[in-house]
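Descriptive structure summary
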Amino acid sequence: MARRWMEARMSDADFLNTTNNPHGLTRRDWGRRALALALASWSLPMAQAQMSVQGASSADAAKGPRWQTDPFGLGVASGQPLPDSVVLWTRLLIAEADAAHKAQPQTVLCEVFADEALRQPVRQWWVQTDASRAHSVHVIASGLQAGRSYWYRFVSGSATSPVGRTRTCPGDNDKVAQLRIAQTSCQHFEQGYYVAHREIAKRDVDFVLFLGDYIYESSNPRYMVRKHIGGVPQTLDEYRQRHAQYKGDADLQACHAAHPWVMTWDDHEVVNDYANDQDMKYTDPQVFLRRRAAAYRAYFEHMPVRLGPDPAQPHQMRIHDQMRWGQLADIWTLDCRQYRSHHACPDPNRGGGRVVVGCTELRDAERSMLGSAQEQWLYPSLAQSTRRWKLVAQSTQMSSSGIATPQGRSSFTDGWDGYPVARERFLNTIAQAQLKDVLVLGGDVHMNVAANLRVRPNDDKSPIVASEIVTTSISSRGMSETLLAHIRDNNPDIVHARSDERGYTFVQVQPSGVLAQMRTTPHPAMEGSRLQTQAQWALASGVPGLVKA
Ligand SMILES: [Fe+2]
């Protein structure tokens with residue numbers, strides 16, 4: 001292993017490469033992102049500010065501060081795996097006792113090992129970070145082997161981080177027997193404990209899929225088992241503080257350390273029900289976009305994601321992406337917030353989503369949940385996918401949840417019911433390409449939902465073209481079961497819906513079928529609670545429609 005270690009150590013050429021290409025992105029990585037980069041300049045990485053340090057050594061890292069307080073109190077994380085690389089993340093959280101080190105750049109060593117006992121080093125990187133990026137560290141750990149686990153840690157001066165485990169994707173054309181996903185969303189810190197993360201951390205999954213509402217900006221005093229620090233964040237420092245508080249949770253840290261995460265966001269990473277450049281208060285868009293830029297930047301600083309805000313337009317940050325799991329699955333992660341059309345038929349006094357009836361604006365074909373550039377990116381790759389399963393991960397519920405009223409059917413304008421023509425475009429893409437085995441994975445609505453998707457919702461003359469599993473929240477409170485009963489009664493496409501329990505969904509994908517196991521605990525999720533299986537739903541390959549398992 002020593003020889004491999006020497007070979008794997010960065011050569012001068014590697015340093016040059018890394019300095020010019022500070023992400024360490026391979027040509028393959030870039031190729032995968034070329035289309036999006038051509039569409040917009042939004043994807044230039046903020047990580048360019050984070051330079052690898054030429055000529056540095058582990059001794060330099062060891063020469064760093066003698067920390068009075070552990071700077072790795074936010075833990076470690078990995079994410080956005082590819083067959084040959086993964087993002088490794090940490091952030092030095094510098095306490096008052098070490099305030100003298102805050103203003104200085106810090107060199108951090110990142111080490112990757114092939115074994116859990118850390119006896120087989122694979123590669124190492126030295127990166128410099130500073131206060132301008134809240135001392136966050138993103139290493140694109142490249143040159144890895146496909147389809148296997150790695151272990152990693154960071155070193156800064158006298159401090160060594162906890163050890164994380166990560167996993168690369170299988171090779172693009174590898175035949176693989178299964179993919180196991182922990183599907184998660186909505187973790188309001190005040191409304192419950194992260195017992196779901198505690199269970200996922202102990203479970204053998206390939207990655208955690210987080211579908212949005214990682215932090216919450218606001219509070220509801222009626223549902224509070226613990227408290228946010230500070231008020232509603234508006235500034236970069238306030239969003240950083242909110243993220244740091246969430247990342248301080250031991251169960252969340254354990255879940256990040258145990259598995260790579262694949263992520264998208266929803267609204268609460270910025271503010272409830274924002275749509276593109278508009279918030280619920282109809283704040284001047286230029287002012288709101290500065291807040292959105294602060295929120296996106298704090299998000300990047302705390303997440304194991306490849307790309308940060310566009311330096312030229314810091315209110316833009318690309319999060320949507322595509323990954324493959326061998327020949328078994330194509331997986332798209334979509335952004336339902338940044339590019340969407342404003343809400344239809346809004347209340348002039350209070351923006352955001354609301355329930356409307358008879359809103360003709362909903363049928364405007366120009367309206368989009370994803371924005372036209374993301375739609376144009378998604379549809380061709382979806383239509384041309386040759387992998388068995390097509391998993392479309394996005395932040396909310398795609399199936400309709402309207403209710404019949406004397407004035408007509410209701411629509412909640414913040415969800416896909418607020419973008420029905422865009423939903424038809426998505427489902428028509430699947431129908432026209434005659435795709436089988438499309439599963440939409442969602443979150444946001446704080447309930448478990450299993451539903452079938454038709455171009456014309458709830459019309460049994462319109463064939464089922466895809467199915468949907470929405471996972472309940474990790475901790476955020478759900479809607480009343482009385483209202484949900486009306487929704488179930490009015491939407492036969494929904495075959496399962498429960499809003500009274502918190503948890504996650506374990507999704508096992510095999511060539512022959514998919515099994516979704518909904519793991520839950522009653523609300524609120526309390527510190528010592530255990531999860532049980534609320535329901536299991538299955539899809540057989542080539543057979544439309546979910547069945548109870
Ligand atoms: Fe939520």
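See the structure printed just above.
So, here's what we can say about the structure. Remember, it's a predicted structure, so these values are computed and weren't measured experimentally.

**Quick word on the overall build of the chain**
- The secondary structure content of the chain amounts to 11 helices and 25 strands.
- Within the chain, buried positions represent 61% of all 549 residues.
- By sequence separation, contacts in the chain at least 24 residues apart represent 74% of the contacts at least 6 residues apart.
- With an accessible surface of roughly 20,500 Å², the chain has 50% of that area assigned to carbon and sulfur atoms.

**Describing the side chain of Gln106**
- Position of Gln106 among the secondary structure elements: in strand β3 (residues 106-113).
- Side-chain polar atoms of Gln106 contact the backbone oxygen of His101, separated by 3.1 Å.

**Notes on the state of the cysteines**
- A complete count under the given rule lists 1 disulfide for this structure.
- Between the sulfur of Cys345 and that of Cys359 lies a disulfide, 2.0 Å long from S to S. Taking the sign of the S-S torsion, about 90 degrees here, the bridge from Cys345 to Cys359 comes out right-handed. Residue Cys345 is located in the loop between β13 (329-333) and β14 (355-357), and its partner Cys359 is located in the loop between β14 and α9 (372-383); the two are separated by 14 residues in the primary sequence.
- Judged by relative accessible area, Cys345 falls into the partly exposed class, the value being 23%.

**Thoughts on the coordination of the iron ion**
- Distances from the iron ion to its protein donors, Cys186 (SG), Asp213 (OD), Tyr216 (OH) and His446 (NE2), fall within 2.1 to 2.5 Å.
- Here the donor residues of the iron ion share one chain and are spaced in sequence as C-x26-D-x2-Y-x229-H. Of this pair, Cys186 sits in the loop between β9 (179-184) and α5 (195-202) while His446 is found in the loop between β18 (438-442) and β19 (448-454), placing the two residues 260 residues apart along the sequence.
- Overall, the relative accessible area of 0% leaves Cys186 in the buried class.

**With respect to the nonpolar core**
- By size, the foremost hydrophobic cluster in this structure holds 39 residues, and its most contacted members are Tyr214, Trp261 and Val270.
- Within the residue set of this core, elements represented by two or more residues are α5, β10 (207-210), α6 (236-247), α7 (250-258), β11 (260-263), α8 (285-302) and β22 (501-510).
- Per-element tally for this core: the top contributor is α8, with 7 residues.
- Filtering out sequence-adjacent residues up to four positions away, Val270 remains in contact with Glu217, Tyr239, Phe288, Arg291, Arg292, Ala295 and Tyr296.
- Counting residues in hydrophobic clusters, the runner-up holds 29 residues, among them Ile181, Ile469, Val509 and Leu546.

**Side note on α7**
- Taken across its 9 residues, α7 has 7 buried, putting it largely inside the fold.
- Of all the residues in α7, the buried ones are Asp251, Leu252, Gln253, Cys255, His256, Ala257 and Ala258.
- The opening residue of α7, the one whose side-chain oxygen lies 2.9 Å from the backbone nitrogen of Asp251, is Asp249.

**So, the pairing of strand β17 (residues 408-412)**
- Relative to β17, β14 runs antiparallel, the two being bridged by 3 bridges. In the sheet register, Val355 faces β17, and the bridge partner there is Phe412.
- Of the pairings in the sheet, the one linking strand β16 (residues 404-405) to β17 comprises 2 bridges and is antiparallel in character. By the bridge assignment for β17, Ala404 is matched with Arg409.

**So, the sheet that holds strand β12 (residues 321-325)**
- Taken together, the 7 strands give an open sheet; going across it, the order is β12-β13-β15-β18-β20-β19-β21, and neighbouring strands pair in mixed fashion. Edge positions in the sheet fall to β12 and β21 (494-498), since each of these pairs with one other strand and no more. Taken over all neighbouring pairs, the strand axes of this sheet differ in orientation by 20 degrees on average, direction set aside.
- Bridge count for β19 against β21 is 4 bridges, and the pairing is antiparallel. The residue of β21 that forms the bridge with Ala450 is His496.
- Against the sheet, α9 touches β12, β13 and β15 (389-393), its axis set at about 170 degrees to β13.
- Strand contacts of helix α10 (residues 420-432): β15, β18, β19 and β20 (464-470), with the helix running at about 130 degrees to β20, the strand carrying the most contacts.

**Re the pairing of strand β8 (residues 164-167)**
- Residue alternation in β8 divides its side chains into two sets, Gly164 and Thr166 and Arg165 and Arg167, and both sets are buried.
- Here strand β6 (residues 149-156) pairs with β8 via 4 bridges, running antiparallel. Of the residues in β8, the one forming a bridge with Ser149 is Arg167.

**Brief notes about the sheet that holds β9**
- Here 10 strands make up an open sheet; going across it, the order is β5-β2-β1-β11-β10-β9-β22-β23-β24-β25 and the pairing mixed. Edge strands, defined here as strands with exactly one partner in the open sheet, are β5 (136-141) and β25 (547-548).
- Here strand β1 (residues 76-79) runs beside strand β2 (residues 86-91); their pairing, made up of 4 bridges, is antiparallel. Paired with Ser78 across the bridge in β2 is Leu88.
- Contacts from α5 reach β9, β10, β11, β22 and β23 (513-522), with the element oriented near 30 degrees to β22.

So, how was this worked out
- Residues numbered from 1 in each chain as written.
- Predicted model: local features only at pLDDT ≥ 70, side-chain atom pairs only at ≥ 80, totals over all residues.
- Heavy atoms only, no water.
- Helix = DSSP H or I, 4+ residues; strand = E, 2+ residues; numbered from the N terminus.
- Buried < 20%, exposed > 50% of the residue type's maximum accessible area, 1.4 Å probe, protein only.
- Contact = heavy atoms within 4.5 Å.
- Areas by Shrake-Rupley, 256 points an atom, 1.4 Å probe, with all protein chains shown as cover.
- Polar contact = N/O pair within 3.5 Å; in protein donor to acceptor, adjacent residues only side chain to side chain.
- Disulfide = S-S within 2.5 Å.
- Donors = N, O, S within 2.8 Å, 3.2 Å for Na, K, Ca; no water.
- Core = buried A, V, L, I, M, F, W, Y, C linked by side-chain atoms within 4.5 Å.
- Pairing = 2+ DSSP bridges.
- Axes fitted to C-alpha atoms, helices over the stretch in contact; angles between N-to-C directions.

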